[in-house]
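The residues making up each chain are set out below.
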Amino acid sequence: MGRLSRMWVSVVQLRRDGKTLSKKEIAAAERREGVLTFGGYRLMGVPEVQYSATLRGSDSPGAMDSLKPLYGARLRSIKGPDMLIAGREVRRDSGKPSEEVPQAW
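Residues numbered from 1 in each chain as written. Predicted model: local features only at pLDDT ≥ 70, side-chain atom pairs only at ≥ 80, totals over all residues. Heavy atoms only, no water.

Caption draft 1: Molecular detail of the side chain of Ser52. Tracing the backbone through its elements, the reader meets Ser52 in strand β5 (residues 50-56). Classification of Ser52 by relative accessible area gives buried; the value is 18%. Sequence-distant contacts of Ser52, defined by excluding residues within four places in its chain, comprise Thr37, Phe38, Gly39, Tyr41, Leu70, Tyr71 and Ala73. (Helix = DSSP H or I, 4+ residues; strand = E, 2+ residues; numbered from the N terminus. Buried < 20%, exposed > 50% of the residue type's maximum accessible area, 1.4 Å probe, protein only. Contact = heavy atoms within 4.5 Å.)

So this is what it looks like as structure tokens:
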């Protein structure tokens, strides 16, 4: 299992339905604050460690996710106080098979 990192952050989702938002849409987007957790996991039969990113409302046990987790998460860049994390969001709609769409925070 990979090491787990946590920090308090303010997050903006950069995609909607897998499509990149415009700069205007990003500027107007709702920001979510919470505890960002970035940690590793292994899938059965896959030797490489995969990473996930979650945002929870607090660091207390039982805190709810503020956003859908990112699977296959990668830290793409850090510029000053900003960082870019990209991955896949799993969407589950009632009565439909789940699907993965690209997402970035």
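Okay, back to it.
Caption draft 2: A look at the layout of surface pockets. The computed volume of the largest pocket comes to approximately 490 Å³. Counting only elements with at least two residues in the lining of the largest pocket, the list comes to β1 (5-11), β6 (70-79) and β7 (82-91). The element that contributes the greatest number of residues to the lining of the largest pocket is β7, accounting for four residues. (1 Å grid on protein atoms, 1.4 Å probe; cavity = no way out; pocket = protein on both sides within 12 Å on 5 of 7 lines; lining within 4 Å. Points joined across faces, edges and corners; volume = space filled by probe spheres on them.)

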